[in-house]
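These are the residues of each chain, in order.
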Amino acid sequence: MVLAFGGDLEFDPALFEVRRGGVPVPLEPQAFDVLAYLVSHRDRVVPKEELMDGVWGGRFVSDTAVTSRIKQVRRALGDDGHSQRMIRTQHGRGYRFVAPVEARAVLRAAEPIRYTVSDGLHIAYQVTGGGPLDIVLISGFVSHLELDWGDPRHAHFLHRLGSFGRLIRFDKRGTGMSDRPSGLPDVETRMHDVLSVMDAVGSERAVLVGYSEGGPMAILCAAAHPERVAGLVLYGTYAKRAWSEDYPCAQKEEVWAAYAEELVSRWDWEADMRMRCPSADEPMQRWWGQRMRAAATPSTVRALMNMNALVDVRDALPAVRVPTLVLHRLGDALIDPAGARYLAERIPGARLELIEGEDHFVSGDPDQILDAIERFLHELPAAEPRPSALAAVVAPAGPRADEVADGLVAAGGRRCSGPDGRVVVLFDGPATAVRAGLAQLHAVARLGVAIAEVPRDETELDAYGVLTAIALADQAAPGSVWLTSAVRDLLAGSGVVTEYAGEHVIGGVEPQAVFRAL
């Protein structure tokens, strides 16, 4: 239990802290003990002799020592002997704590922060709650596993979500308590971090809950690894972050760029919270500012926002074959609710729930979100085999094609065959596939990369995307990697550079845009 008083002051006996605006106020241990005794007996005047005995345990102490500690406490609280707004001196009688006090329940996670290694980087994770169901929370912009518990409403969100099952949370690489790589990774690489954390905690299948910027990662993971995903919850999120003619329900590039510049240059996270969560009071705004400043630097935030502006997982939506709930608040000023309708219309069997309110962030009326999630989890069907998954298909062609295929398999791909025994290699994401292809490329090799929904346990494939990858490889110039437009879109933010390679007839259909990986 935390006691709040004096506007922005908190007395936390469990942590032996006095905080102003969420930031600890320096206070000597003996002065803290004096404050603790007065606060716990605030219903009456505490005689000086009783205070001496209670704090100093009967040891001799002078009146000057007591007066000195009282002055220290008043100074820490912003009080003084003249105004006596918080500690009042009753001459000849003792002292009394007189500030109005509000008791606040504080929910804390006792579980430790642990680390797992993904691609050579340490990814921080924490497991709370319990039960037969595993729930992986993929948070929005950034997170901080320890500071996430600092706001009562957000702590309530985490604790109640953890009451539905074992809650698995992690800080994405580059933010929070996880390692900072030299550059920020794409959504696909971060998806691999999700799987690494699940492996570390022994989670074979889990419900993914992705909100805001965490949604596209959850979508891609559900499409590429349905055997690991029991269900999908998407709140306040999108398939594409930036406006385009074929996706008008997002912010235009200049609006997004102006917001990013203002945020980085002003570094005013309290104002950001007021926009994301209009119901946020001052303590929540201060907590958000403390959390965000601890979780990322200005350069990281700029890079994150630039990467998020490129995110486009529209081509993965039809491949999501797990039970899906799409939640969105109708008054959300950050993400257009039309984006939620777009998701629900294109993910097979998805349920759409549009709820009242303006808050984008989950701390705004968290029970409204959690009630819908709880209903969804109760209705989850029993586990069923997932016969197909989204994959990036790489087809080699030309001399030494088998040698190139061997190199792709060594890079983590799965060897399969297409029509007429043509070798193709499958990866769980296009960025991994294209990087592996570029690494194996030589002067006469030709590679085609496409996206396909393929059977998980079969090695002989004839999906349209497989045929497309083979056709691309056959038409590509020697020493080049050709990509479909869907692959190019999913590469957004990966750092893989592409260029337009013209319109080509692929697989006997109408001409389509083809791109070259550089």
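Because the structure is a prediction, the values reported are computed rather than measured.

About the criteria used
- Residues numbered from 1 in each chain as written.
- Predicted model: local features only at pLDDT ≥ 70, side-chain atom pairs only at ≥ 80, totals over all residues.
- Heavy atoms only, no water.
- Pairing = 2+ DSSP bridges.
- Helix = DSSP H or I, 4+ residues; strand = E, 2+ residues; numbered from the N terminus.
- Axes fitted to C-alpha atoms, helices over the stretch in contact; angles between N-to-C directions.
- Contact = heavy atoms within 4.5 Å.
- Phe/Tyr/Trp six-rings, centres within 6.5 Å; stacked < 30°, edge-to-face > 60°.
- Buried < 20%, exposed > 50% of the residue type's maximum accessible area, 1.4 Å probe, protein only.
- Lys NZ or Arg CZ within 6 Å of the ring centre and 35° of its normal.
- Patch = residues over 30% accessible without salt bridge, like charges linked within 9 Å, V, L, I, M, F, W, Y side chains within 5 Å.
- Areas by Shrake-Rupley, 256 points an atom, 1.4 Å probe, with all protein chains shown as cover.
- Salt bridge = Lys/Arg side-chain N within 4 Å of Asp/Glu carboxyl O.
- Lys, Arg positive; Asp, Glu negative; His and termini not counted.
- Charge placed at Lys NZ, Arg CZ, Asp CG, Glu CD.
- Parallel < 35°, antiparallel > 145°, perpendicular 65-115°, else oblique.
- Nonpolar A, V, L, I, M, F, W, Y, C, P; charged D, E, K, R; others polar.
- 1 Å grid on protein atoms, 1.4 Å probe; cavity = no way out; pocket = protein on both sides within 12 Å on 5 of 7 lines; lining within 4 Å.
- Points joined across faces, edges and corners; volume = space filled by probe spheres on them.

1. Description of the sheet that holds strand β17 (residues 414-417)
Pairing within the open sheet is mixed, and its seven strands lie in the order β17-β18-β16-β19-β20-β22-β21. On the outer flanks of this sheet lie β17 and β21 (498-505), each paired with one strand and no other. If you compare each strand with its neighbour and ignore which way they point, the axes differ by 35 degrees on average. Two strands pair when backbone bridges link them, and β17 and strand β18 (residues 423-427) are joined in this way by four bridges, in the antiparallel orientation. Bridged to R415 within β18 is V425. Seen against the sheet, helix α13 (residues 401-410) touches β16 (388-397), β17, β18 and β19 (446-455) and runs at an angle of roughly 20 degrees to β18. In the packing of helix α15 (residues 464-475) onto the sheet, the strands contacted are β16, β18, β19, β20 (480-484), β21 and β22 (511-517), and the crossing angle to β19 comes to about 175 degrees.

2. With respect to the packing of aromatic side chains
In the structure shown here, the tally under the stated rule is 11 aromatic pairs. Their ring planes at 40 degrees and their centres at 6.2 Å tell us that W287 and F361 sit as a pair that is tilted. Pair noted here: W287 is in helix α9 (residues 282-295) and F361 is in the loop between β15 (351-355) and α12 (366-378), with a separation of 74 residues, a long-range link. No difference in accessibility class separates W287 from F361, as the two residues are buried. Put simply, the rings of Y211, W287, W288 and F361 touch in pairs and so form one group of aromatic residues. Of note, K252 hangs over the ring of W243, and the distance from its end group to the ring centre comes to 4.7 Å. Sitting above the plane of the Y342 ring, R346 keeps its charged end 3.6 Å from the centroid.

3. Let's talk about unusual backbone geometry
Even without being glycine, W267 reaches a positive phi, approximately 55 degrees. For W267, the location among the structural elements is in the loop between α7 (253-266) and α8 (269-276). Of note in this structure, R400 is not a glycine but carries a positive phi near 65 degrees. By secondary structure assignment, the location of R400 is in the loop between β16 and α13.

4. Focus: a negative patch on the surface
Taken together, D457, E458, E460 and D462 make up a surface patch of like negative charges. Tracing the sequence through the fold places E460 in the loop between β19 and α15. E460 sits in the exposed class, given a relative accessible area of 65%.

5. Examining the environment of V233
Within the secondary structure, V233 is located in strand β13 (residues 229-235). The exposure class of V233 is buried, given its relative accessible area of 0%. Not counting the four nearest positions on each side in its chain, V233 is found in contact with V207, L208, V209, G210, L325, I373 and F376.

6. Focus: the packing of α7 against helix α10 (residues 298-309)
Between α7 and α10, the shortest axis-to-axis distance is 10 Å and the interhelical angle comes to 170 degrees. Relative to α10, the element α7 lies roughly antiparallel. On α10, the residues that touch W256, Y259, A260, E261, L263 and V264 of α7 are P298, V301, R302, M305, N308 and A309. Partitioning the contact of α7 with α10 into residue classes produces nine nonpolar, one polar and two charged.

7. Observations concerning the layout of surface pockets
Here the second largest pocket is characterised by a volume of approximately 500 Å³. Taken together, 23 residues line the second largest pocket, and the ones lying closest to its centre are A242, A309, L310, V311 and A492. Sorting the residues of the lining of the second largest pocket by element identifies α7, α10 and α16 (485-490) as the ones contributing at least two each. With five residues, the top contributor of residues to the lining of the second largest pocket is α7. Looking at the lining of the second largest pocket residue by residue, the class counts come to 12 nonpolar, three polar and eight charged.

8. Considering the packing of helix α5 (residues 187-200) against helix α14 (residues 430-440)
The interhelical angle for the contact between α5 and α14, taken along N-to-C directions, is 110 degrees, at an axis separation of 8 Å. One element, α5, and the other, α14, form an angle in the roughly perpendicular class. Of α14, the residues touching α5 (which contributes E188, T189 and H192) are P430, A431, T432 and R435. In the contact of α5 with α14, the residues fall into two nonpolar, three polar and two charged.

9. Points about the sheet that holds strand β9 (residues 121-129)
Reading across the sheet, the eight strands line up as β8-β9-β11-β10-β12-β13-β14-β15 and stay open at both edges, with mixed pairing between neighbours. Each edge of the open sheet is held by one strand with a lone partner, namely β8 (114-118) and β15. Taking the axes of each pair of neighbouring strands and ignoring which way they run, one obtains an average angle of 25 degrees across the sheet. For strand β14 (residues 324-329) and β15, the ladder comprises five bridges, and the chain directions are parallel. Note on β15: the bridge partner recorded for H328 is L354. The sheet contacts of α5 involve β8, β9, β10 (134-138), β11 (166-170) and β12 (206-211), and relative to β8 the element is tilted by about 130 degrees. Its contacts with the sheet place helix α11 (residues 337-346) against β13, β14 and β15, and it is angled at close to 165 degrees to β14.

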